[in-house]
Structure formats: C-alpha cells, structure tokens
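Below are the chains, spelled out letter by letter.
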Amino acid sequence: MIRKPALAVVGATGAVGAVMLQILSQHADIWGEIRLLASPRSAGRKLAVRGEECEVVALSEEALDDVDVALFLVPAEVSAQWVPIAAAKGAVVVDNSAAFRMDPDVSLVVPEVNPHAARVRPRGILASPHCTTLAMIPAVGALHAEFGLRELVVSSYQAVSGAGREAVAVLRAQLSLVAGTELGTGPGDVRRAVSDDLGPFHAPLALNVVPWSGVLEDGGWSSEELGLRAETRKILGLPGLRVAATFVRVPVITTHSLAVHARFEGEVTVERAHEILATSPGVVLYDNPAAGDFPTPADVVGTDPTWVGRVRRSPDDPCALDLFVCGDNLRKGAALNSAQIAEAVAAEIGPGLGSA
C-alpha cells in the first residue's frame, strides 16, 4: 500500500490554524498522519480535523520527525527559528509568514498564477504571500498573462483580523462604545470616547479609517505597502514593475478589499477583461453596477475566491483598467493558499514515499 504523506500544521491553535483545519477537513483526504503543533502552552488541547479529535503537541525538533510537508502558520520570528529545522529534517516547508518571502532561494507561490514555482525549492522551503497580495494577485495575474502588466497603483482597505485576534477584540470594544451615540460629529469626539483603547491601531477605528498598516520604512512607506510591491514583482517575474500602494485599515472584521489601477502594454477592453476574469481559476467576476452587483467584504467573507467587480477602462488611458477586488484574508489570504501549495507538493512527492 502506498503511504500517504505526513503533514504537520505548526500554529494549529491560531486564527489561521483554525481555518486550516476546516480546509483540511473539507478538501480531498490526501494526507496520512496530520500532526498538530503549537506552543507549549497550547499542548494537550484537542482539536477536530477530518472528523476526529487530535491532540496538539508542543513544537520541538522531535515533533518534526518523519514529516513530509510542514505548514507553518506562525509569526515570522517563530518561522525564522523553526522552518530551517523542519527543512533540515527532510520536510518540504510551506511558510505563511514574511520570514522567507523575499529570500532569493525561496519561491513565492500562488498556485493559480505561478504553479511551476512550487517545484523550485533549493532550501526545501516555499513561501505564501501576504494576505493583501493574495486578495489581488489571482485577478491581476490573469490579466497580466493576457495584456502584459506595466504598472499598478493600489489602495487597500485592510480588515482588522489581518492584525490578529487582539485587533478584532479592540474593534468590537470600540464599536460597543460608539453604538447608539451621536459620536463622529465633532473633531476628536470618537478618540475621547475610546480613550487609550487603540490596540495595534494608531487612531480609533470605529467610525473611522486609519491610513496605516505595518511599520515605518524609508520615504514614509509602510512595510506592508512595500511588501505588496516586492511580492507582486516576484510572483509575476517582473522585477522592474512600477507599483505604488496605500494601505488603509477599515472597521471590517475579515476580508481585505483593493481598488486597483492596472496599466498594460497595449490597449485593453472591458469585454475582454470580463472574459479573462470569468474563466480564471480562483476568481469570481461579479460586475453589474446597474443592478448593484459588486463585491463587498460583508458578502465575500468566508468564501475562497478573489471577487472582482467595478471593471472599467480608464477614461484617460486606453491601456489601463480600474477594478475593485475583495478576498477573505484568513482563507485565500492565508490558510487556503498554503493548503493549495502543500497539496501540489504532496501530489509531486507522494508516489516516491514508498509502502507502509
């Protein structure tokens, strides 16, 4: 009997880990043992996967023995320490953090856009992009394959779950403070109401938007804005692509949205763009403004695809398209893309595992 590959899920008790366990239970059962790993404080917890209770084990070198594929759904500092250990033990690692995304020896993979990259892993490591990049890139990648992308200008509307569970709790607390009030009508009244309860945000988020996500980099850019630029270039193989991004945190729990201005090598039409997007894997075209049909985070949350609407040709540039996209930052933006990469690796290495 052919042995199915063994999978380790590192960070199984986190927000992304919870979504990953759902996906593993919903997708085809291609795995043998699924080992759930987390920090020592979470060891001993029981979590359901594939309809069975599985005990969480503390992350250690021994816990990574005899693993064929390891999914890392943990902060970058944890990945930086443990991913090389897992790879040295023979596992193919799929890392969801920023630790290895820009390493020249680590492919940055989006299966709908550059599936071939999953086979290039000299260090035994593959990286999954940032959740904002993943909300956009299936659609932009499909248009690039047809029209040849030259420039991107992006404004991203960031859901708070991208900043972790604490951020979600802070937003909910702020919303409870302002609900049923007349706040938001005078300068500083919302800030006074929420007091110091800002959490990871630089300003109140209830009844507000905050034009910042990430840490400060040179020139006033944020790390996440520059990250989208670098990741898009790497995924599409366009090192000179012109990209400018502005990230804005909005009072949405889950699902990032982006307004995208994309300029191409030649003239484009909405009709052809619609044809491409409607037939592209991982993309749903939902674009009929006359009927009020366009994606919003409240409608897209909990779904897998990138949703695209408001597709327009620029009135001043026949080579440019403007569009609005939404993508669940915990599903395709994190767990799903990592699971898809792992499944591609399993399909590649599975026949060589031998018998059990």
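Structure shown above.
This one's a predicted model, so the numbers in the text were calculated from it and none came from an experiment.

Draft legend 1. Layout of the nonpolar core. Ranked by internal contacts, the top residues of the largest apolar core, which has 56 residues, are Phe72, Met136, Leu143, Leu152, Val260 and Leu321. With nine residues, the top contributor of residues to this core is helix α3 (residues 131-147). Non-local contacts of Leu143, meaning those with residues more than four positions away in its chain, are made with Gly148, Phe264, Ala273, Ile276, Leu277, Leu321 and Leu323.

Draft legend 2. Representation of the side chain of Asn96 within the structure. Within the secondary structure, Asn96 is located in the loop between β7 (92-95) and β8 (107-108). The class of Asn96 is buried, set by a relative accessible area of 12%. For Asn96, the contacting residues outside a window of four places in its chain are Val16, Phe72, Leu73, Arg101, Ser128, Ala334 and Ser338.

Draft legend 3. Fine view of the sheet that holds strand β15 (residues 320-327). Ordered in space as β11-β10-β12-β15-β14-β13, the six strands form an open sheet in which the pairing is mixed. Where the open sheet ends on each side, the last strands, each with one partner, are β11 (242-249) and β13 (283-285). Direction aside, the axes of adjacent strands within the sheet are offset by 20° on average. Relative to β11, strand β10 (residues 149-158) runs parallel, the two being bridged by eight bridges. Counted as the bridge partner of Val153 is Ala244 from β11. Contacting β10, β11 and β12 (256-264), helix α6 (residues 223-236) crosses the sheet at an angle of about 135° to β11.

Rules and cut-offs
- Residues numbered from 1 in each chain as written.
- Predicted model: local features only at pLDDT ≥ 70, side-chain atom pairs only at ≥ 80, totals over all residues.
- Heavy atoms only, no water.
- Core = buried A, V, L, I, M, F, W, Y, C linked by side-chain atoms within 4.5 Å.
- Buried < 20%, exposed > 50% of the residue type's maximum accessible area, 1.4 Å probe, protein only.
- Helix = DSSP H or I, 4+ residues; strand = E, 2+ residues; numbered from the N terminus.
- Contact = heavy atoms within 4.5 Å.
- Pairing = 2+ DSSP bridges.
- Axes fitted to C-alpha atoms, helices over the stretch in contact; angles between N-to-C directions.

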